[in-house]
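Chain by chain, the residues run as shown.
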Amino acid sequence: MLITQLAARGSGNRPRYHRDRAVRWVISIDTAGIASLLDRRSGDHRAGALISVPYLVRAGQKPPPMLLVDTVEYVFGVAKDDSDKAHTAAQTRNDDYLALVQQWAESSGDPIARQVSEFFSDEGHLKLLNHLDEATEAELSVSDLVGVMIDGVWAHQLPSAIAFWAQVARTRKSSGAEGLCLSCGTAGPLLKTIPDMVKGRLIPVGVDSHGRPKQGRDAALVSINTAAQGRMGAVQLVNTPVCEDCGATAMTALNDLLTDPDQRRRGEDTVFTWWLRVPADTSWMDLDTPNREAVEKLLHQPHIGRPRPAGNQHDSEADEQDEHDSANQFYALTLSANQSRVIVRDWIDVPVSRIKQRLADWFRDHQSTQPWEDGLHYVPLWAMVQASGRWDRQRKRYVAGSAAHGIEKDLLRCALHGGAPPPHLMAGLLHRIRNDHHVDLARVATLRLCVNRPPYRHSPDKETIMPGLDETATDPAYVWGRMFAVLETIQRTAIPDINTTIRDRYFTVAMTQPATTMRRLRSNANSHLKKLTGKDSTKPAGIALDRKLAQLIALLDRADGMPEHLDNLGQTQFIFGYDHQRAADLAAMRKTRSDKENAAAALTC
């Protein structure tokens, strides 16, 4: 159960029924009893720095006060406007605030609590308000939070204040009934409602027309406030009995997880967070900035269900890690918000070894070479999302907001559950490539992920698509992609300053009608090769390119030759062949250049 695992994680050092909030003003009382109102605003914190303060969700016509830290309306009794209704409400809320402070002082016996209570009883807060300068008074807003400090110590952080506030919260949130908690299985007092909400800023709710993130509302994890929503007409937590301990701890833990950038991933309108039953390093969960060294370690670490890599049969460190992973448990939540309610989009509860295996498969299934750098590369999830969008040829980047709808959630689920990408992904990506002729690492990796997962890969035993150049592959679409790359190189070598290449003119038709396109481009290539071999300076390059083209043609079946049309899988193979051949050719050029530079350096020595 979700609440059970959140409660088991615990709330860390944060006191129960507290939340980080921006406190703008502080009533500071020194040892002599002299008080002053200080503004905590700074350049980085215009509403005041965040601090953990007493907090409960409050609603209704008479929302109760928080202990010590509350709004200007509650602390000073300042009305929201000049109406009689607003003045009456402000006075009532200020009276309730003062009564709560007095209850704390009387029940705790804390001398500091008595000092604070006496300050308010003597109307010290009103004296402060009446002696404010015009500038401070103009800055004071009824929604600003105000706290109290005694000799430089926050009054609400005193042990007596924390204990008293916990008791107040339990009283407010208790249903008055006793029963069996569905989370921990113990009998005792039950909650009426979940004691806290998920902060509005922690769950993304999309962007506005200018591309700026929208501001969400605080949202409840469990909210049943009408008879139509509850089973048998029961409202609140009647049908979901949860004790105070589990409810409070679970919500504190959830807010802490969603606040921690190392334990969450924010999307456009969802947030994904994770934790382990036994806390341990989870840097391997980073899908947006994959580090090659960390990914390689992950690829060789999980051996559950797979043979250990050659030469690693007696790795005691790996064995120990596998044992720990099998014994530990991984939990993850994907959340979105609908108005003031949390929507649980996904819940994962699996051994750590299994989630590591799924992530290893994710990286293994999409790893690819690229033309501009040697080795295999692992693509950030956000880059795959962008790659599904439209490429702007003028600005040399993907158009913001043009990514396929919902693709981020689909790819995240694919990575975490080990399933197939959405069926429309391959077709949509090929459509983009046919239109903009842009092929990069992110698009190639995404297409490779598609063909290495169902429905194109029916079983684990089926051979996967190579991440780089496969010189033995005889698939006509793959060979045609390689040929197109060589034909493009021939053209560029013959006409170095060309403005419009065969990629610009023929890439779309080459993807769909290879036979017709090959005949036309092969004929054009003959004249380019003749030009290259006719000059002493370019003759070696011309001979080498002619030989390479002939070797590729030899890989085609003599009887079947080149197909007239290619389906989606065939077009994908064409993209692979084209990209792999380009990457291999440029890697060979870099190696040749490096060898020459090393040889020249050796001669100078």
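See the structure printed just above.
Since this is a predicted model, take the numbers as computed values, not measurements.

Notes on the overall build of the chain
- The number of helices and strands found in the chain is 20 helices and 17 strands.
- At 33 Å, the chain has a C-alpha radius of gyration far larger than the 25 Å of a compact globule built from 605 residues.
- Referenced to the eigenvectors of the C-alpha coordinate spread, the extents of the chain come out at roughly 105 × 60 × 55 Å.
- Sorting the 605 residues of the chain into buried and exposed places 47% on the buried side.
- Counting every atom, the chain has about 30,600 Å² of accessible surface; 51% of that belongs to carbon and sulfur.
- Charged side chains of the chain number 73 positive and 74 negative; the gap between the two group centres comes to 8 Å.

Quick notes on the environment of D95
- Of note, D95 is situated in helix α3 (residues 84-108).
- Sequence separation between D95 and A544 is 449 residues; the distance between their C-alpha atoms is 91 Å.

Considerations on the sheet that holds strand β10 (residues 264-266)
- Judged by pairing direction, the sheet is antiparallel, and its four strands sit side by side in the order β10-β11-β12-β13 without closing on themselves. Two strands in the sheet have a free side with no partner beyond their single neighbour: β10 and β13 (341-351). Neighbour-to-neighbour, the strand axes of the sheet open up by a mean angle of 15 degrees, direction not taken into account.
- Relative to strand β11 (residues 271-276), β10 runs antiparallel, the two sharing three bridges. Looking across to β11, one finds that R266 is bridged to V271.
- Those strands touched by helix α13 (residues 407-417) are β10, β11 and β13, and its axis lies near 25 degrees from that of β13.

Some thoughts on the layout of surface pockets
- In this structure, the largest pocket spans a volume of roughly 740 Å³.
- Residue lining of the largest pocket: 21 residues in total, with E268, V385, G401, A403 and E408 positioned closest to the centre.
- Those elements giving two or more residues to the lining of the largest pocket turn out to be α12 (381-387) and α13.
- Classifying every residue of the lining of the largest pocket by side-chain character gives nine nonpolar, seven polar and five charged.

Description of the nonpolar core
- Residues F330, W362, W480, F484 and I575 are the most contacted members of the largest nonpolar core, which totals 81 residues.
- At eleven residues, the largest contribution of residues to this core is made by helix α16 (residues 476-494).
- If we ignore the near neighbours within four places in the chain, the residues touching F484 are I502, R503, Y506, F507, A510, L521, F574 and Y578.
- Within the second largest apolar cluster, 38 residues are counted, among which are W25, W104, A155 and F164.

A closer look at the packing of α16 against helix α20 (residues 568-604)
- Viewed as axis vectors pointing N to C, α16 and α20 meet at an angle of 45 degrees, and their least axial separation amounts to 6 Å. The angle between the axes of α16 and α20 places the two elements in the oblique class. Seen along the crossing, α16 lies across α20 with a hand that is right-handed. Here A477, Y478, W480, G481, R482, F484, A485, V486, E488 and T489 of α16 lie close against α20, whose contacting residues are G570, Q573, F574, F576, G577, Y578, H580, Q581, R582 and D585.

Re the pairing of strand β2 (residues 25-29)
- With five of five residues buried, β2 is to be regarded as a mostly interior element.
- Bridge count between β2 and strand β6 (residues 145-150): five bridges; the pairing is parallel. Bridge pairing links W25 to V146 in β6.

Regarding the pairing of β6
- Extensive coverage of β6 is indicated by the burial of six of its six residues.
- Of the two faces of β6, both are covered, the one formed by L145, G147 and M149 as well as the one formed by V146, V148 and I150.
- In this sheet, β6 lies alongside strand β5 (residues 70-71) in antiparallel orientation, the contact comprising two bridges. Residue pairing across strands places D70 opposite V146, the latter belonging to β6.
- Bridge count between β6 and strand β7 (residues 153-154): two bridges; the pairing is antiparallel. Counterpart to M149 in the pairing with β7 is W154.
- Between β6 and β7, which pair antiparallel in sequence order, lie two residues; one of them, D151, sits at a positive phi of approximately 50 degrees.

How each quantity is defined
Residues numbered from 1 in each chain as written. Predicted model: local features only at pLDDT ≥ 70, side-chain atom pairs only at ≥ 80, totals over all residues. Heavy atoms only, no water. Helix = DSSP H or I, 4+ residues; strand = E, 2+ residues; numbered from the N terminus. Rg over C-alpha atoms; globule rule 2.2 N^0.38 Å. Buried < 20%, exposed > 50% of the residue type's maximum accessible area, 1.4 Å probe, protein only. Areas by Shrake-Rupley, 256 points an atom, 1.4 Å probe, with all protein chains shown as cover. Lys, Arg positive; Asp, Glu negative; His and termini not counted. Charge placed at Lys NZ, Arg CZ, Asp CG, Glu CD. Pairing = 2+ DSSP bridges. Axes fitted to C-alpha atoms, helices over the stretch in contact; angles between N-to-C directions. Contact = heavy atoms within 4.5 Å. 1 Å grid on protein atoms, 1.4 Å probe; cavity = no way out; pocket = protein on both sides within 12 Å on 5 of 7 lines; lining within 4 Å. Points joined across faces, edges and corners; volume = space filled by probe spheres on them. Nonpolar A, V, L, I, M, F, W, Y, C, P; charged D, E, K, R; others polar. Core = buried A, V, L, I, M, F, W, Y, C linked by side-chain atoms within 4.5 Å. Parallel < 35°, antiparallel > 145°, perpendicular 65-115°, else oblique. Left-handed = near helix turned anticlockwise from the far one by under 90°.

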